[in-house]
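Residue strings, one per chain:
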Amino acid sequence: MCGIVGYTGNEQAAPILLEGLAKLEYRGYDSAGLAVRDGEKLAEVVKATGKLYHLADKTDQGRALPGTCGIGHTRWATHGDPSMVNAHPHVSGNCSGSGSGQVESDVVGVHNGIIENFAELKEKLLHHGYEFYSDTDTEVVVKLVDYYYKKYKIGPVDAITRTMVRVRGSYALALMFKDFPGEIFAARKDSPLIIGTAKDASYLASDVPAILKYTRSVYYIGNLQAARVSPGQVKFYDLNGDEVTLPLSEITWDAAAAEKDGYEHFMLKEIHEQPAAVRDTLNSLVKEGRVSFSDAGLTDEIIRAVTQIDIVACGSAWHVGMAAQYVLEDLACVPVRVELASEFRYRSIPLGEHTLVIVISQSGETADSLAALRVAKERGAKTLAVVNVIGSSIAREADHVLYTLAGPEIAVATTKAYSAQLIAMDALAVQMAFVRGVISQEKYAQMLEELSTIPDKIKRVLEEKERIQWFSSKIVNAHDIFFIGRGLDYAISLEGSLKMKEISYIHSEAYAAGELKHGTISLIENNTLVIGVLTQSRLFEKTVSNMMECKSRGAYLMGLTTNGNFSVEDSVDFTVYVPKTDEHFVASLAVVPLQLLGYYTSVSRGLDVDKPRNLAKSVTVE
Ligand code: M6R
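All values reported here derive from a predicted model rather than from experimental measurement.

Engineer: I'm lost on empty space enclosed by the protein in this one. Help?
Structural biologist: Gaps left between atoms are located by rolling a probe of water-molecule size over the structure's atoms. Summed over the entire model, instances satisfying the criterion amount to five cavities of 30 Å³ or more. What lines the largest cavity is a set of 26 residues, and nearest its centre among them are S206, D207, V208, S363 and V389. By residue class, the composition of the lining of the largest cavity is twelve nonpolar, eight polar and six charged. Structurally, the lining of the largest cavity is a two-domain feature, drawing no fewer than three residues from each of domain 1 (3-251) and domain 2 (257-452).

This is how it looks when you write it as structure tokens:
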């Protein structure tokens, strides 16, 4: 939610900042803004509502803004509507009109996160004569920094650390002070922020792709830490204002991985990257015919001692948990609960030292998942994070981390990260089953062999994409779509439905097929599309019966099943087949046509596939 960037060096800052923001636009795109300083001159602020190209047009791609030090922001509105006045950067002084132009203020800043006690702080600042021009919590925090800066006549770092003590919530902040040209000051709590350095330049960003073109040497600023950034140099401070040393990390990503590479959209590119994402993740876990979680520090002893697993996540990552639940229970005979992180964090679920809480997250920054992880740790459970972004908050705070190797995922709708998470969870289930003596050595080897065929089988599914594209052109005007399935097929339905609704804006729901008769079937009318997922042989007939109940009430049916189940064609209007595999692992294949269906439907409707309305890639607010 929201992306921030900063640059200080010898080059013109604005084009670099705009380029960085373009890489972060997946984090929010309601409005955007820049503040740039030309030497000692006052900061120049420019803002624009809507997508980033409006800001780029307004500043002639940044060329119209002189200056070598600046900060930028792309917004996903939390406090205040997406308007010029609420767009960042925000300033400590008064400002008229939209807030663009030269700013007299002592402090100007951008922020990602939420200041929970902003109302109380605003009240305090009003008492001290401050006036407010926007509805944002960011304006409050910028003014609070200014207040401490002036009241105690202290330096920027001390003013910032005092502010950090006073505010509640989450923030990644980048601030410029009138008296400190050429420098950017930063602070972080529970929102991502990295600082990169090169020879005579330094860069700040919410995420790696924004600075990858310029440097691979980055610092991960810690929670409740502040930074003073000048060209090629960064100093870090703790909450007391004492200097601390942080290690410099090297980013090993391929820069091309964050580009579209000839595909029309990131989502389509990422769908096609799934064979590689799954293979790389699997290869990092299976070595010499055995699954090894040694990098995660997850020993066989720990796995053996687990009596209960709680999987906690949000959105698609939660769907991975739902799928993994069936596989873990069936293979490893271990009780599994799957909880939405936003609910888990406020429940009083008893956890003990033999409970393994698995937090699944692509970004590793999802606010609810991070909070749930902390709750689990407080209650004494062991925690395992399955995370894609290296060095993210969830990865840093969990007891054990299992990295998925999907590479950077840019499209808001997740695809390859979902698949990488799924294969990691399958590998965990197989290992648990073996270590706990539920499956034999022979079965273990067989299952690992089958897992290794999944990447090629995904490729085969992708070869059928034209059929899905054709079908999506038929359903482009659908009002409602129902995805149904039982067992693992229900978990697959959940993800298929989310992929459809989040990018096509067609209302869709996923139901456990057996639940339809308990209410939902009343929504079925002539031509309502019902997609039945039918990959589990034990449940096949039952779900087909449920589909027939819909058909007799007018529904139009699509069946998604595995090769060989040709009898389904007698009952449904359109069938999609995926290759056969061990039924525990079939979600990795069956999800792909559903991703493609959502994708092509969104394209046919002329929508912004990669940046669907109202959404952001990583939800760093509660
Ligand atoms: O970064 P995370 O995996 O924690 O994100 C969780 C959800 O926000 C995410 O899966 C979301 O539901 C996606 N838009 C789904 O495509």
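Now that the structure is up, let's keep going.
Engineer: When you look at the site of the ligand in this model, what are you seeing that I'm missing?
Structural biologist: Around the ligand there are 14 residues in total, and S361, Q362, S363, T366 and E502 lie nearest to it. In the model, an oxygen atom of the ligand is placed 2.6 Å from a nitrogen or oxygen of the S361 side chain. One of the side-chain nitrogen or oxygen atoms of T366 is found 2.4 Å away from an oxygen atom of the ligand. Surface burial for the ligand is 91%, taken as the share of its 410 Å² of free accessible area covered by protein chains.

Engineer: Even after reading the chapter, I still don't get the layout of surface pockets, so can you show me in this structure?
Structural biologist: A volume near 530 Å³ is recorded for the largest pocket. Taken together, 27 residues line the largest pocket, and the ones lying closest to its centre are C314, G315, S316, K617 and V619. Each residue belonging to the lining of the largest pocket can be placed in one class, and the counts come to twelve nonpolar, ten polar and five charged. Split by domain, the residues of the lining of the largest pocket number at least three in each of domain 2 (257-452) and domain 3 (463-608).

Engineer: Explanation requested: the packing of aromatic side chains in the structure shown.
Structural biologist: Aromatic ring pairs are defined here through the distance separating the ring centres and the angle between the ring planes. Using the criterion set out here, one finds 17 aromatic pairs in the structure. Measuring from ring centre to ring centre gives 6.1 Å for Y148 and Y152, while their planes differ by 20 degrees; the resulting arrangement is stacked. On the accessibility criterion, Y152 (35% relative accessible area) is partly exposed. Ring geometry for F471 versus Y556: centroids 6.3 Å apart, planes at 15 degrees, classification stacked. Of the two residues, F471 is situated in helix α15 (residues 465-474) and Y556 in strand β27 (residues 556-562); the sequence distance between them amounts to 85 residues. For Y556, a relative accessible area of 28% puts it in the partly exposed group. Clustering of aromatic rings is evident, with ring pairs tying together Y130, Y147, Y148 and Y152. Over the face of the ring belonging to Y505 we find R613, whose NZ or CZ atom lies 3.8 Å from the ring centre.

Engineer: Even after reading the chapter, I still don't get the pairing of strand β12 (residues 217-220), so can you show me in this structure?
Structural biologist: When a strand is regular, its side chains alternate between the sheet's two faces. The pairing of strand β10 (residues 194-197) with β12 spans three bridges and is classified as antiparallel. When the sheet's bridge partners are listed, I195 is paired in β12 with Y219.

Engineer: Looking at this structure, I do not really get the domain arrangement of the chain. What am I missing?
Structural biologist: Many authors give the size of an interface as the accessible area that is lost as the parts come together. Here the chain is described as being made up of domain 1 (3-251), domain 2 (257-452) and domain 3 (463-608). Summarising the inter-unit geometry, the C-alpha centres of domain 1 and domain 2 are found 34 Å apart. Contacts between domain 1 and domain 2 engage eleven residues on the former and twelve residues on the latter. Buried surface at the junction of domain 1 and domain 2, summed over both partners, amounts to about 900 Å²; 51% is from carbon and sulfur atoms. By the criterion of area lost to domain 2, the three top residues of domain 1 are Y26, D190 and Y220, representing 45% of everything that side buries. One can count one salt bridge joining domain 1 with domain 2. Ionic pairing is found between D190 and R374, a salt bridge with its closest N-O pair at 2.7 Å. Counting across the interface, domain 1 meets domain 2 through one residue pair in polar contact (both at pLDDT 80 or more).

Engineer: What am I meant to see in the sheet that holds strand β6 (residues 101-103) here?
Structural biologist: Paired through backbone hydrogen bonds, the strands of a sheet run either parallel or antiparallel to each other. Ordered by their spatial adjacency, nine strands build an open sheet running β6-β3-β2-β4-β1-β11-β10-β12-β16, and the pairing between neighbours is antiparallel. Where the open sheet ends on each side, the last strands, each with one partner, are β6 and β16 (249-250). Looking at chain direction, strand β2 (residues 31-37) and strand β3 (residues 43-49) are connected through six bridges and run antiparallel. Each bridged residue has a counterpart across the sheet, and for S31 the counterpart in β3 is T49.

Engineer: Can you walk me through the packing of helix α4 (residues 137-151) against helix α5 (residues 156-166) in this structure?
Structural biologist: Angle between the axes and distance between the axes are the two parameters that describe a pair of packed helices. The N-to-C vectors of α4 and α5 enclose an angle of 125 degrees; their axes lie 8 Å apart at closest approach. One finds that α4 runs oblique with respect to α5. Between α4 and α5 the crossing geometry is right-handed. On the side of α4, the interface is formed by V141, L144, V145, Y148 and Y149, while α5 contributes P156, A159, I160, R162, T163 and R166. Within the contact of α4 with α5, the residues separate by chemical class into eight nonpolar, one polar and two charged.

Engineer: What am I meant to see in the environment of G487 here?
Structural biologist: The residue G487 is located in the loop between β24 (480-485) and α16 (488-504) in this model. The sequence separation of G487 and V141 amounts to 346 residues, and the corresponding C-alpha distance is 48 Å. Sequence-distant contacts of G487, defined by excluding residues within four places in its chain, comprise Y326 and L539.

Engineer: For this particular structure, what's the right way to read helix α14 (residues 441-462)?
Structural biologist: Residues that lie three or four places apart on an α-helix share one face, since the helix turns once every 3.6 residues. The terminal C-alpha atoms of α14, which comprises 22 residues, lie 33 Å apart, in line with the 32 Å expected from a rise of 1.5 Å per residue. Along α14, the sharpest change in direction is near 35 degrees and occurs at P455. Buried within α14 we find Y444, M447, L448, E450, L451, I454, P455, K457, I458, V461 and L462.

The rules behind these values
- Residues numbered from 1 in each chain as written.
- Predicted model: local features only at pLDDT ≥ 70, side-chain atom pairs only at ≥ 80, totals over all residues.
- Heavy atoms only, no water.
- 1 Å grid on protein atoms, 1.4 Å probe; cavity = no way out; pocket = protein on both sides within 12 Å on 5 of 7 lines; lining within 4 Å.
- Points joined across faces, edges and corners; volume = space filled by probe spheres on them.
- Nonpolar A, V, L, I, M, F, W, Y, C, P; charged D, E, K, R; others polar.
- Domains from an automatic or database assignment.
- Near = heavy atom within 4 Å.
- Polar contact = N/O pair within 3.5 Å; in protein donor to acceptor, adjacent residues only side chain to side chain.
- Areas by Shrake-Rupley, 256 points an atom, 1.4 Å probe, with all protein chains shown as cover.
- Phe/Tyr/Trp six-rings, centres within 6.5 Å; stacked < 30°, edge-to-face > 60°.
- Buried < 20%, exposed > 50% of the residue type's maximum accessible area, 1.4 Å probe, protein only.
- Helix = DSSP H or I, 4+ residues; strand = E, 2+ residues; numbered from the N terminus.
- Lys NZ or Arg CZ within 6 Å of the ring centre and 35° of its normal.
- Pairing = 2+ DSSP bridges.
- Contact = heavy atoms within 4.5 Å.
- Buried area = accessible area lost by both parts, 1.4 Å probe.
- Salt bridge = Lys/Arg side-chain N within 4 Å of Asp/Glu carboxyl O.
- Axes fitted to C-alpha atoms, helices over the stretch in contact; angles between N-to-C directions.
- Parallel < 35°, antiparallel > 145°, perpendicular 65-115°, else oblique.
- Left-handed = near helix turned anticlockwise from the far one by under 90°.
- Expected span 1.5 Å × (residues − 1).
- Bend = angle between axes of the 7 residues up to and from the residue.

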